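Residue-level structure breakdown
Next come the chains, spelled out residue by residue.
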Amino acid sequence: MACRLNFEERKFIMKYYWKYENVHEVQKQFRKEFKKEPPTRFTITRIRDKFEVDGTIHNVHKQHAGRPRTSSSSTEVERVLEMFQKSPRKSLRQVSREVGISKSTVQRIMQRCNWKSYIPRLVHALNDDDPDRRVQYCKWYLEQCQGNAGFPTKIVWSDEASFKLNGSINRHNCTYWSPVNPHVTVEHHVNLPGITVWCGLSSRGLIGPFFFDATVTGPIYLNLLQQFVIPSIRIDFEDEEFFFQQDGAPPHYHRDVRSFLDELLPNRWIGRRGFVEYPPRSPDLTPLDFFLWGYLKDKVYAKKPATIAELREAIEHECSKIPREMFVDVCDSIASRCQKCLDQDGRQFENKL
């Protein structure tokens, strides 16, 4: 049977939980410090919850220590709301410490006053001429759909993404408190280290994933297209005509890559200096960015892979599980996104969806 934790051990747990906010890391540090098996995940989270509610790591009911839960006064309500009005990005825990009341009391105050936490959207910053390029591209896409209802089924969308072992960007840790939705957005330029994955997506399914073991260069990307990507696409499409889309990343813009696509797909590839120019900084218009990468990261990181090999295996496994119907729905949604982009004169529109 597990021994009861003493005060020093409980204090150590809280100290390292506040530092890392990760139970696994707390257990690792505990094992290193006390030279014994750490408490379970349940015990650690129970100590954390007790501190947030009662303001102590002692056993409140047995020793009558700590701060009891009390109803909030009008003064506390005013102070809490005033703090969120001045700094709406504060967390409940921060306000709890600064006002001197429990986190649960702060939460009850926000609920009674009908204040909610809103999660900002991550959006790419646009350059001055980007909206015009986006409008031009969206008009072309919608014209193709009007002329041929099956056009969305003829495009293979492609992209690379970085996955890292300690997880993806967590927007749930970034909130904005307000009585009404402020439609907050966060402009964020993403450049994260980790394993690089390439995927192609069409209404017929997923092509890949393919992994890069080194920095992606033009010759490496060209080899991927020649040896793996195009043969895989031909298996899906057989003798049918298809379009290939890529963004303007430097490896995609390599001279040999463009020459290869010009020869293989004359008038049928979309990208930087392609037959159709794909607008830069437009992840909201390609299904890999607005759907696939977020979907995969949610699934992959739920398994908490500990090594690169486990990470690759998890990515391959989750890619194989996505039903084809989902790809059809995603590709069908691109036309409505293009129309929404036109309605916003080429500017960001996802906060309007």
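These numbers come from a predicted model, not from an experiment.

1. Brief notes about the pattern of salt bridges
If you walk through the whole model with that rule in mind, you get 15 salt bridges. The closest approach of N and O atoms between Glu-21 and Arg-93, which form a salt bridge, is 3.7 Å. Remark: Arg-93 occurs in helix H6 (residues 92-99) and Glu-21 occurs in the loop between helix H1 (7-20) and helix H2 (23-34); sequence separation between them is 72 residues. Exposure remark for Glu-21: the relative accessible area of 47% places this residue in the partly exposed category. A salt bridge links Asp-256 to Arg-255; its shortest N-O distance comes to 3.8 Å. Through salt bridges with shared partners, a single ionic network connects Lys-303, Glu-318 and Lys-321.

2. A word on the confidence of the model for the protein chain
Low-pLDDT stretches of the model should not have their predicted coordinates read in fine detail. The share of residues in the protein chain with pLDDT of 70 or more is 83%, and the mean pLDDT across the chain is 84. Strand E8 (residues 243-245) holds the highest mean pLDDT among the elements of the protein chain, 97, whereas helix H4 (residues 60-63) holds the lowest, 46. Confidence drops under pLDDT 50 across residues 60-71; counting only partners more than four residues distant or on other chains, this segment forms 23 contacts.

3. Thoughts on the packing of aromatic side chains
Taken as a whole and judged by the stated rule, the model has 19 aromatic pairs. For the ring pair Tyr-137 and Trp-140, a centre distance of 6.1 Å and an interplane angle of 35° mean the geometry is tilted. Placement of both Tyr-137 and Trp-140 in helix H8 (residues 130-147) is noted, with a separation of three residues, approximately one turn of the helix. Across the pair, exposure class does not vary: Tyr-137 and Trp-140 are buried alike. Seen in terms of ring centroids, Tyr-141 and Trp-157 are 6.2 Å apart; in terms of plane orientation they differ by 45°. Their pairing is tilted. Taken together, the residues Tyr-141 in helix H8 and Trp-157 in strand E3 (residues 155-163) connect sequence positions 16 residues apart. Residue Tyr-141 shares its accessibility class with Trp-157, and that shared class is buried. Stacked on the ring of Phe-242, the Lys or Arg Arg-268 has its end atom at 6.0 Å from the ring centre. The ring of Phe-163 is capped by Lys-297, whose NZ or CZ atom sits 5.2 Å from the centre of that ring.

The rules we used
- Residues numbered from 1 in each chain as written.
- Predicted model: local features only at pLDDT ≥ 70, side-chain atom pairs only at ≥ 80, totals over all residues.
- Heavy atoms only, no water.
- Salt bridge = Lys/Arg side-chain N within 4 Å of Asp/Glu carboxyl O.
- Helix = DSSP H or I, 4+ residues; strand = E, 2+ residues; numbered from the N terminus.
- Buried < 20%, exposed > 50% of the residue type's maximum accessible area, 1.4 Å probe, protein only.
- pLDDT = per-residue confidence, 0-100.
- Contact = heavy atoms within 4.5 Å.
- Phe/Tyr/Trp six-rings, centres within 6.5 Å; stacked < 30°, edge-to-face > 60°.
- Lys NZ or Arg CZ within 6 Å of the ring centre and 35° of its normal.

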